[in-house]
Amino acid sequence: MYKRQPPRRPATGAGPGRAHLSRARRVWAETWRLGLATLVGLLAFALVWPETATADWSDARLGLGMMGDLAVGVATLVLVAFRHRAPFVIALILALFGGVSTLATGAAVLGLVSLATRRRARELATVGLVYLAAGWFSESVMFPAMGDSLPAWQLLLSGVVLYALVVAVGVAIGSRRDLIASLRDRAVLAEHEQALREERIRDHERARIAREMHDVLGHRLSLVALHAGALEYRGRDLSPDEVVETAGVVRDNAQSALSELRDVLGVLRDPSATGESEVTQVAPPQPTLADLPGLLDEARAAGAVVACTIDDRTTSALVDLPTSLSRHAYRIVQESLTNARRHAPAQPVDIAFTGGAGGTLRIVVGNPSIEHRASAPGHGLTGLAERVRLVGGTFHAGPDGHGRHVVEAVLPWS
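Residues numbered from 1 in each chain as written. Predicted model: local features only at pLDDT ≥ 70, side-chain atom pairs only at ≥ 80, totals over all residues. Heavy atoms only, no water.

1. With respect to the overall build of the protein chain
A tally of regular secondary structure across the protein chain gives eleven helices and five strands. The buried share of the protein chain, taken over its 414 residues, is 33%. The contacts of the protein chain with a sequence gap of at least 6 include a subset with a gap of at least 24, amounting to 73%. Counting every atom, the protein chain has about 24,300 Å² of accessible surface; 63% of that belongs to carbon and sulfur. (Helix = DSSP H or I, 4+ residues; strand = E, 2+ residues; numbered from the N terminus. Buried < 20%, exposed > 50% of the residue type's maximum accessible area, 1.4 Å probe, protein only. Contact = heavy atoms within 4.5 Å. Areas by Shrake-Rupley, 256 points an atom, 1.4 Å probe, with all protein chains shown as cover.)

Written out as structure tokens, the structure is:
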């Protein structure tokens, strides 16, 4: 059976417009982070240098010190832009530079936050030691404050508190990123699963339509083949009226087959061609047991001897038979008659219905088997077995050990 491939869904965020928007967002995010790091560095530069004990420094030393601070700070601002490629190494370098440059303060904090988003304890501990050592070196050697300096334990405590706050911010950002990524992955997975469910539903519907096509066309075309064979082998013995009548039967069944084929193919159309949904298109023929007399009359008109018995309890309950169950029962009888006509022509066929509401509906179709024409179950019987299995019933088809071929189906009456 032809299987239409599902349309490819674009990946989340795909497309030129989305890609351009994503790049713009990344550029903006990096720009404002670097701008904030620069602003923090300039504030540190403006606050630290006036408070630094430079009274005994020469003008040349002061100028070189400030120029060196600015040069190292600019280098760290350039370096921090590459922190995503080697977060640990960059964070270590920035922590070292932060000990000799006030302008590098913002870049060092940004590198530490970026490292903390990875939430790796060993890396954070290593960078923390370097950060505390660089802070002590900056306060004690590079930028000693005028007047009395803070005790070492206060410097250490303030450094630990500041470091913990920066790490906490980075950990929170990393957790939020992971949460957003997890939600995005779930959304993509849910969309993919939905697409798979829709495709399975379409495949199931096409398989059901294929079974309906086999049941309907198999019955019609077997009648056409039977009457055409009669014309071929007995055409010379038939009267002109009988030839005309037989040809009319062939024509009527061929037209019916074409009409029903057109209806079934209408459901199999590509809905994108008309903008319609598959559900709203032409439904396939769905006969029920109410059409059983016509089916039996067609078989008898083709020359088959068909006897159908329905016990009294079942007859009274058929009025309330569910439509789906009635449709399955009709298809079972139809395919059984087609199978009997194909493999045991001119043999009598017995059909029996038993059961009632609240229990099961048992359908037994039997006919004398012809040994030399016995064959493996075809698509029709296989389709019947699948149809019965899907509604929770049981199905058996084959010789009964007494020279008969029997098709038996037991369907739950619900």
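Still more to cover.
2. With respect to unusual backbone geometry
Phi is positive for Arg-119, close to 55°, though the residue is something other than glycine. Among the residues examined, Arg-119 registers a relative accessible area of 36% and is labelled partly exposed.

3. As for helix H5 (residues 121-142)
Along its 22 residues, H5 runs 30 Å from first to last C-alpha, staying within 8% of the 32 Å computed at 1.5 Å per residue. Listed in full, the buried residues belonging to H5 are Glu-123, Leu-124, Val-127, Gly-128, Ala-134 and Ser-138. The buried residues of H5 occupy one face: seen down the axis, they fall within an arc of 140°. Exposed residues pointing more than 90 degrees away from the buried face of H5 are listed as Ala-121, Arg-122 and Leu-129. (Expected span 1.5 Å × (residues − 1). Arc of directions from axis to C-beta.)

4. Regarding the packing of helix H2 (residues 59-80) against helix H3 (residues 87-98)
Where H2 contacts H3, the two axes come as close as 11 Å, and the packing angle between them is 165°. Overall, the two elements H2 and H3 adopt an arrangement that is roughly antiparallel. As H2 runs across H3, the sense of the crossing is left-handed. Across the interface between the two elements, Val-72, Thr-76, Leu-79 and Val-80 from H2 touch Ile-90, Ile-93, Leu-94 and Phe-97 from H3. (Axes fitted to C-alpha atoms, helices over the stretch in contact; angles between N-to-C directions. Parallel < 35°, antiparallel > 145°, perpendicular 65-115°, else oblique. Left-handed = near helix turned anticlockwise from the far one by under 90°.)

5. A closer look at the side chain of Asn-339
Within the secondary structure, Asn-339 is located in helix H10 (residues 323-343). Note on Asn-339: relative accessible area 11%, which makes it buried.

6. Notes on the confidence of the model for the protein chain
With 83% of its residues at a pLDDT of 70 or more, the protein chain shows a mean pLDDT of 80. Predicted confidence is poor over residues 270-283, with pLDDT under 50, and the contacts of this stretch with residues over four places away or in other chains come to 20 contacts. (pLDDT = per-residue confidence, 0-100.)

7. What to know about helix H4 (residues 105-116)
In a regular helix each residue adds 1.5 Å, so twelve residues correspond to 16 Å; H4 covers 17 Å between its end C-alpha atoms and thus fits that length. H4 sits mainly inside the fold: ten of its twelve residues count as buried. Buried residues of H4: Gly-106, Ala-107, Ala-108, Leu-110, Gly-111, Leu-112, Val-113, Ser-114, Leu-115 and Ala-116, and no others.

8. Re the pattern of salt bridges
Counted by the stated rule, this structure contains eight salt bridges. Among the salt bridges present, the one from Arg-83 reaches Glu-30, with a minimum N-O distance of 2.8 Å. Here Arg-83, found in the loop between H2 and H3, pairs with Glu-30, found in helix H1 (residues 16-51); they are 53 residues apart in sequence, far enough to count as distant. No difference in accessibility class separates Arg-83 from Glu-30, as the two residues are buried. Ionic contacts of the salt-bridge type, sharing partners, join the residues Arg-118, Arg-120 and Glu-123 into one network. (Salt bridge = Lys/Arg side-chain N within 4 Å of Asp/Glu carboxyl O.)

9. Details of the sheet that holds strand S1 (residues 306-310)
Spatially, the five strands line up as an open sheet ordered S1-S2-S3-S5-S4, and their pairing is mixed. Looking at the sheet topology across the chains shown, the edges are occupied by S1 and strand S4 (394-399). Adjacent strand axes in the sheet meet at a mean angle of 10° when their direction is disregarded. Bridge count between strand S2 (residues 349-355) and strand S3 (residues 360-368): six bridges; the pairing is antiparallel. Bridge pairing in S3 places Ala-352 opposite Val-364. Across the sheet, helix H8 (residues 292-301) lies against S1 and S2, angled at about 155° from S1, the strand it touches most. (Pairing = 2+ DSSP bridges.)

10. Regarding the environment of Phe-137
Looking at the secondary structure, you find Phe-137 in helix H5. Phe-137 gets classed as partly exposed once you look at its relative accessible area, which sits at 32%. Through-space distance from the C-alpha of Phe-137 to that of Leu-96 is 9.7 Å; in sequence the pair is 41 residues apart. The residues touching Phe-137, leaving out its near neighbours within four places in the chain, are Gly-99, Val-100 and Met-142.

11. Some details on the packing of aromatic side chains
Evaluation of the coordinates by the stated rule reveals four aromatic pairs. Here Trp-49 and Trp-57 contribute two aromatic rings whose centre-to-centre distance is 6.2 Å and whose plane-to-plane angle is 80°, an arrangement assigned as edge-to-face. Seen in terms of ring centroids, Tyr-131 and Tyr-163 are 5.4 Å apart; in terms of plane orientation they differ by 40°. Their pairing is tilted. Of this pair, Tyr-131 sits in helix H5 while Tyr-163 sits in helix H6 (residues 152-234), and the two are 32 residues apart along the sequence. Tyr-163 sits in the buried class, given a relative accessible area of 14%. Joined through ring pairs, the aromatic side chains of Phe-45, Trp-49, Trp-57 and Phe-143 make up one cluster. (Phe/Tyr/Trp six-rings, centres within 6.5 Å; stacked < 30°, edge-to-face > 60°.)

12. Things to note about the nonpolar core
Of all hydrophobic cores here, the largest spans 28 residues; its most connected members are Val-333, Leu-337, Ile-351, Phe-353, Leu-361 and Ile-363. Elements with a minimum of two residues in this core: H8, H10, S2, S3, helix H11 (379-390) and strand S5 (404-412). For this core, the element with the most residues is H10, which contributes seven residues. Counting residues in each nonpolar core, the second largest holds ten residues, with Leu-112, Val-127, Tyr-163 and Val-166 among its members. (Core = buried A, V, L, I, M, F, W, Y, C linked by side-chain atoms within 4.5 Å.)

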